[in-house]
Each structure stands twice: as structure tokens, then as C-alpha cells.
Amino acid sequence: MPIIDRIEGFADELTAKGIRFQAVEPRASVRDRLRNEGVDGKLGGVNRFTTVADAIDHLQSAQNS
């Protein structure tokens, strides 16, 4: 099974459990492949500027709301 299919399946599985799956700081080739395969939407979009720290801050803000 190609890796992109596994990522998509993993994202679907986690989303079904209420868990957010996000790619952070992906390289251009990874972003392009995720977009071309239509997987970027399942990851909440892909942005090279989103860091691990940003993802953690977002999670903590959501938990405090």
C-alpha cells in the first residue's frame, strides 16, 4: 500500500476518534503530493509555516476555551 494511502487512512481513523492529525513544517514535495492526492484537506490543510509549537499552542488554546 502506498504511503499516501496509509496517511489518508490513518487521518480518517484518527478523525473518527475525534483526534486531529496534522502535518507540520512539510517540505514542498510533501505538500505538493498531499495536495495532489487530496489528502491535505483531511489534515486541516498543509502549511510549511505551521510548526510543532504552533500545533501545541492551538491545542492548548482549544482546551482552555
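Here the residue index of a chain counts from 1 through its sequence in written order. Given that this is a predicted model, residues contribute local features only at a pLDDT of at least 70 and side-chain atom pairs are listed and counted only at 80 or more, while totals for whole chains, interfaces and linings are drawn from all residues. Just so you know, side-chain values use all the structure's heavy atoms and leave hydrogens and water out.

J.: If you had to explain the environment of A23 to someone new, which residues and values would you point to?
T.: Secondary structure counts use DSSP, requiring at least four H or I residues in a row for a helix and at least two E residues in a row for a strand, with both numbered from the N terminus. Locating A23 in the fold gives a position in the loop between helix 1 (3-16) and helix 2 (28-36). Along the chain, A23 and L43 lie 20 residues apart, while their C-alpha atoms are 6.6 Å from each other. Residues within four places of A23 in sequence aside, it is in contact with L43 and V46. Residue contacts follow a heavy-atom distance rule, with two residues in contact if any of their heavy atoms lie within 4.5 Å.

J.: Can you break down the side chain of R31 residue by residue, with the values?
T.: Positionally, R31 belongs in helix 2. Three labels apply to residues, based on accessible area from a 1.4 Å probe with only protein chains included: buried if under 20% of the type maximum, exposed if over 50%, partly exposed otherwise in between. Only four residue types enter the charge count: Lys and Arg as positive, Asp and Glu as negative, with His and the chain ends excluded. Any carboxyl oxygen of Asp or Glu that lies within 4 Å of a side-chain nitrogen of Lys or Arg is treated as forming a salt bridge with it. Within the buried core, R31 has no salt-bridge partner, and the shortest N-O distance to an opposite charge, that of D32, equals 5.5 Å. Every residue in contact with R31, bar those within four places of it in the chain, is listed here: P26, V46, N47 and R48.

J.: An account of the pattern of salt bridges is needed here, citing residue identities and associated values.
T.: As enumerated under the stated definition, the model contains 3 salt bridges in all. In this structure, K42 and E8 form a salt bridge, with 3.0 Å as the shortest nitrogen-oxygen distance. Of this pair, K42 sits in the loop between helix 2 and helix 3 (52-64) while E8 sits in helix 1, and the two are 34 residues apart along the sequence. Here K42 falls in the partly exposed class, since its relative accessible area comes to 33%. In this structure E8 comes out as partly exposed when scored by relative accessible area, which is 24%. In this structure, K17 and E13 form a salt bridge, with 3.9 Å as the shortest nitrogen-oxygen distance. Where salt bridges share partners, they join E8, D12 and K42 into one cluster.

J.: Would you mind going over unusual backbone geometry in detail, with residue names and values included?
T.: Phi at E25 is positive, roughly 50°, even though this residue is not glycine. Here E25 lies in the loop between helix 1 and helix 2.

J.: Please set out the confidence of the model for the chain residue by residue, giving values where relevant.
T.: Think of pLDDT as the predictor's per-residue confidence, scored from 0 to 100. Per-residue confidence for the chain gives a mean pLDDT of 90; residues scoring 70 or more make up 100%. When pLDDT is averaged over each helix and strand of the chain, the minimum, 91, is found for helix 3 and the maximum, 93, for helix 2.

J.: Give a description of the nonpolar core that names residues and reports values.
T.: Most often, soluble globular proteins have nonpolar side chains that are buried together. Note on terminology: a nonpolar core comprises buried Ala, Val, Leu, Ile, Met, Phe, Trp, Tyr and Cys residues joined through side-chain atoms within 4.5 Å. Counting 7 residues, the largest nonpolar core consists of I4, A11, A23, L34, V39, L43 and V46. What V39 contacts, discounting residues up to four positions off in sequence, is I4, I7, E8 and L34.

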